[in-house]
Amino acid sequence: MRAESIVILTGAGISKESGLDTFRDADGIWARHSLEDVATPQGFARDPDLVHAFYNARRHGLSEVVPNPAHAALARLERDWPNRVLIVTQNIDDLHERAGSRDLLHMHGELTKVRCRACGAVTRWLGDLGIGDACTACAAVGTLRPHVVWFGEIPLHMEEIQSALDHCGLFLSIGTSGTVYPAAGFVSAVRARGRARTVELNLEPSDGASLFAETIHGPASSVVPAFVETLLASLE
Ligand code: APR
């Protein structure tokens, strides 16, 4: 097989076996929290304390988890594949980078960063965030928000993602329910070009499973390392 460039879309399912909850499974985050209250600009305007508490708890949770074999396998693929391997993640956790992935775009933002609504600066933030905190760039107070894309907001890095999708020879979708756009539409964009291989790796068939040419179902920590092994073996 010729080593063409690869784009890998990941979602909450890849971090599930590290101990982070998904959103839409029966035990998922949206079963316990109102999406409108904690993941919309309107919810933040209504009750910023509630929103900060939600993301503070999740930021704390990061220190209790580590990358699993699926994250590690993708980092190995980036290292050993002779062409570009870009991970586009919907996840706001930092498990891909902690596993060693470097070519990585967080399209829904990052839990470990905050953004100032006054000066626009994005800065690293590992502790609790509250309405009385000051921006470390412009010193304004009460202007910081989680650097997270909420419902109704535009995902980040879309131009670079679109260009990578336009040129890839293999598109993988791992651990995502295929319900949130624009990510859910990536597979159709890739298939419309008619050339690239498309594979879904998910615990069960996602809502968009029928859009993929190939599907592999099982827990990410076993199906992803096995798939990466097969890809790398195809180089020899
Ligand atoms: N291995 C692989 N897949 C898994 C595993 C696992 N161990 N456990 C669960 N999954 C699958 C589920 O079957 C489901 O299809 O992961 C998927 C998770 O789907 P969602 O909870 O909808 O998460 P995601 O697709 O990442 O959500 C997209 O929605 O709320 C927003 O902004 C949030 O980025 C998020 C976006």
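Preceding this paragraph is the structure being described.
The structure displayed is predicted, hence computed values, not measured ones.

Asks: Please clarify how the overall build of the protein should be interpreted in this entry.
Replies: Counting its secondary structure elements, the protein contains ten helices and nine strands. Its C-alpha atoms put the protein at 55 × 35 × 35 Å along the principal axes. The burial tally for the protein puts 47% of its 236 residues in the buried class. In the protein, the proportion of contacts linking residues at least 24 apart, taken out of those at least 6 apart, comes to 64%. Counting every atom, the protein has about 10700 Å² of accessible surface; 53% of that belongs to carbon and sulfur. Across the protein, 21 positive and 29 negative side-chain charges occur, with their mean positions spaced 4 Å apart.

Asks: So what exactly am I meant to see when it comes to the sheet that holds strand β6 (residues 144-148) here?
Replies: Backbone-to-backbone hydrogen bonds pair the strands of a sheet. The strands run either parallel or antiparallel. Strand order across the open sheet formed by three strands is β5-β4-β6, with antiparallel pairing between neighbours. Whereas interior strands pair on both sides, the edge strands pair on one side only; in this sheet they are β5 (122-124) and β6. Each adjacent strand pair in this sheet contributes to an overall mean axis angle of 45°, direction not counted. In the sheet, strand β4 (residues 109-116) pairs with β6 via five bridges, with the strands oriented antiparallel. Among the inter-strand pairings, G109 is bridged to a residue of β6, identified as V148. Across the face of the sheet, helix α5 (residues 48-62) comes into contact with β4 and β6 while running at roughly 135° to β4.

Asks: How should the nonpolar core be read in this particular structure?
Replies: One recurring pattern in soluble globular proteins is that nonpolar side chains are buried together. Counting 23 residues, the largest nonpolar core has I6, I8, L74, L77 and V224 as its most contacted members. Among the elements that take part in this core, helix α10 (residues 220-233) stands out by supplying seven residues, more than any other.

Asks: Please explain the state of the cysteines as it appears in this structure.
Replies: Disulfides are covalent bonds that link the sulfur atoms of two cysteine residues. Inspection of the entire model under this criterion finds zero disulfides. Cysteine C119 shares no disulfide, and the gap to the nearest cysteine sulfur, in C138, comes to 3.8 Å. By relative accessible area, C119 is classed as partly exposed at 38%.

Asks: What am I meant to see in the sheet that holds strand β3 (residues 104-106) here?
Replies: If you trace the six strands from one edge of the open sheet to the other, you get β3-β2-β1-β7-β8-β9, paired in parallel fashion. Each edge of the open sheet carries a strand with a single partner, namely β3 and β9 (214-217). Averaged over all neighbouring strand pairs, the angle between strand axes comes to 15°, with direction disregarded. As paired elements, strand β8 (residues 197-202) and β9 share four bridges and run parallel to each other. Pairing of N202 across the sheet is with H217, part of β9. Running at roughly 165° to strand β1 (residues 6-10), helix α6 (residues 69-80) makes contact with β1, β2 (85-89) and β7 (170-174) of the sheet.

Asks: Got a minute to help me understand the site of the ligand in this structure?
Replies: Around the ligand sit 23 residues in total, of which F23, R24, W30, T176 and S177 are the nearest. One nitrogen or oxygen atom from the main chain of Q90 is found 3.2 Å from an oxygen atom belonging to the ligand. Look at the ligand: alone it shows 740 Å² of surface, and the protein chains cover 95% of it. Its residues assigned to classes, the shell around the ligand comprises eight nonpolar, ten polar and five charged.

Reading the values: the criteria
- Residues numbered from 1 in each chain as written.
- Predicted model: local features only at pLDDT ≥ 70, side-chain atom pairs only at ≥ 80, totals over all residues.
- Heavy atoms only, no water.
- Helix = DSSP H or I, 4+ residues; strand = E, 2+ residues; numbered from the N terminus.
- Buried < 20%, exposed > 50% of the residue type's maximum accessible area, 1.4 Å probe, protein only.
- Contact = heavy atoms within 4.5 Å.
- Areas by Shrake-Rupley, 256 points an atom, 1.4 Å probe, with all protein chains shown as cover.
- Lys, Arg positive; Asp, Glu negative; His and termini not counted.
- Charge placed at Lys NZ, Arg CZ, Asp CG, Glu CD.
- Pairing = 2+ DSSP bridges.
- Axes fitted to C-alpha atoms, helices over the stretch in contact; angles between N-to-C directions.
- Core = buried A, V, L, I, M, F, W, Y, C linked by side-chain atoms within 4.5 Å.
- Disulfide = S-S within 2.5 Å.
- Near = heavy atom within 4 Å.
- Polar contact = N/O pair within 3.5 Å; in protein donor to acceptor, adjacent residues only side chain to side chain.
- Nonpolar A, V, L, I, M, F, W, Y, C, P; charged D, E, K, R; others polar.

Just distances and angles here, no functional claims.
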